[in-house]
Amino acid sequence: MISTVFFPRMIDSFHEICDTPIQLYEFGSVRACSMVKSGELDLAIVNLDFYDKDKFNYHVLMEDKTIYCVSRSHPYAKEPNVTIDMLKDESVIFLNTDSVQNQTINLRYRNEGLTPNVLLYSSQLYTTLNFIRGGNCGAFLYSTLATNPRDFVQIPIYPEITTQFGAVWKKDSIQGTTQEFIDFVKQYDITLYV
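Small disclaimer: the values here were computed from a predicted structure and weren't measured.

A.B. asks: For this particular structure, what's the right way to read the overall build of the chain?
C.D. replies: Tallying secondary structure elements over the chain gives 5 helices and 7 strands in all. For the chain, the sequential pattern of α-helices and β-strands runs α-α-β-β-β-α-β-α-β-β-β-α. What you see for the chain is a C-alpha radius of gyration of 18 Å, in line with the 16 Å of a compact globule of 194 residues. When the backbone C-alpha atoms are referred to their principal axes, the chain occupies close to 55 × 35 × 25 Å. The buried share of the chain, reckoned over its 194 residues, is 45%. Only carbon and sulfur atoms are counted for the fraction: they give 47% of the accessible area of the chain, which is about 10500 Å². A gap of 4 Å separates the mean positions of the 16 positive and 23 negative side-chain charges of the chain.

A.B. asks: Explain the nonpolar core here, please?
C.D. replies: Buried together is how nonpolar side chains tend to be arranged in soluble globular proteins. In terms of nonpolar packing, the biggest core is built from 31 residues, with Met10, Cys69, Leu141 and Phe181 touching the most fellow members. Looking at this core, the elements that each hand over two or more residues are helix 1 (6–17), strand 2 (56–71), helix 4 (125–133), strand 5 (138–142), strand 7 (162–170) and helix 5 (176–187). The contacts of Met10, once residues within four sequence positions are left out, are Phe181, Phe184, Val185 and Tyr188. The next biggest cluster of nonpolar side chains, apart from the first, holds 17 residues, and it includes Tyr68, Tyr76, Leu87 and Ile155.

A.B. asks: Any chance you could explain the packing of aromatic side chains here in plain terms?
C.D. replies: How two aromatic rings sit relative to each other is set out by the distance from centre to centre and by the angle between their planes. One pass over the structure, following the stated rule, counts 10 aromatic pairs. Each residue in the set Phe14, Phe181, Phe184 and Tyr188 is aromatic and connected to the rest through ring pairs, giving one cluster.

A.B. asks: What is the right way to look at the pattern of salt bridges in this model?
C.D. replies: As a working rule, side chains carrying opposite charge can pair if their charged atoms are close by. Going through the model one piece at a time under the given rule, you end up with 4 salt bridges. Taking the shortest distance from any N to any O, the salt bridge between Asp52 and Lys37 comes out at 2.8 Å. Taken together, the residues span a long stretch of sequence, with Asp52 in the loop between strand 1 (43–47) and strand 2 and Lys37 in helix 2 (residues 29–38) at a distance of 15 residues. The class of Lys37 is partly exposed, set by a relative accessible area of 42%. Its salt-bridge partner being Asp85, residue Lys88 comes within 4.0 Å of it at the nearest N-O pair. Under the relative-accessibility criterion, Asp85 is labelled partly exposed at 37%.

A.B. asks: How do you make sense of the environment of Ser123 when you look at a structure like this?
C.D. replies: Inspection of the secondary structure puts Ser123 in the loop between strand 4 (117–121) and helix 4. A relative accessible area of 18% means that Ser123 is categorised as buried. A sequence separation of 25 residues divides Ser123 from Asp98, and the C-alpha atoms of the two residues are 9.9 Å apart. There is a polar contact of 3.4 Å between the side chain of Ser123 and the side chain of Asn96.

Reading the values: rules and limits
Residues numbered from 1 in each chain as written. Predicted model: local features only at pLDDT ≥ 70, side-chain atom pairs only at ≥ 80, totals over all residues. Heavy atoms only, no water. Helix = DSSP H or I, 4+ residues; strand = E, 2+ residues; numbered from the N terminus. Rg over C-alpha atoms; globule rule 2.2 N^0.38 Å. Buried < 20%, exposed > 50% of the residue type's maximum accessible area, 1.4 Å probe, protein only. Areas by Shrake-Rupley, 256 points an atom, 1.4 Å probe, with all protein chains shown as cover. Lys, Arg positive; Asp, Glu negative; His and termini not counted. Charge placed at Lys NZ, Arg CZ, Asp CG, Glu CD. Core = buried A, V, L, I, M, F, W, Y, C linked by side-chain atoms within 4.5 Å. Contact = heavy atoms within 4.5 Å. Phe/Tyr/Trp six-rings, centres within 6.5 Å; stacked < 30°, edge-to-face > 60°. Salt bridge = Lys/Arg side-chain N within 4 Å of Asp/Glu carboxyl O. Polar contact = N/O pair within 3.5 Å; in protein donor to acceptor, adjacent residues only side chain to side chain.

Take a look at the structure:
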């Protein structure tokens, strides 16, 4: 799940030079990669921190950081950073269950001998932020999603969790129209929107 700000602009820019229809679906990265592998999707924009990305062709679009978000009244709101050990008794919100980010965070918990107390799995930013505003939980989000924090605080995680995002597609059997979009994506500059 990366910032969707650039998707409409990227699609519009593509359609200025090519009339190939584009149809978008929202899935977690795990499911999206599985669908690319099975041929259900031609291409997916995903978190590239999955174990078998070498089975795909891929192009890195951007890098992002995972942060921990809490309400301004939360006990950790003034902390300079949080560690997984600090969150051992916290109620937390994860992205949907088919998110690569969850695998990364769960591994951090396991390495500390801990199990996260997951209150909610959600891909709905509005819902997640409403839970955070309640003050009794925190959420792991990508920094590009947690923009304009009026009533919540973004706290860096230590050690830092960085993630690359990009396009993945099968190594064989790419159709011409998909190749046109891949070529476009490879040259598209999303830094204006990150």
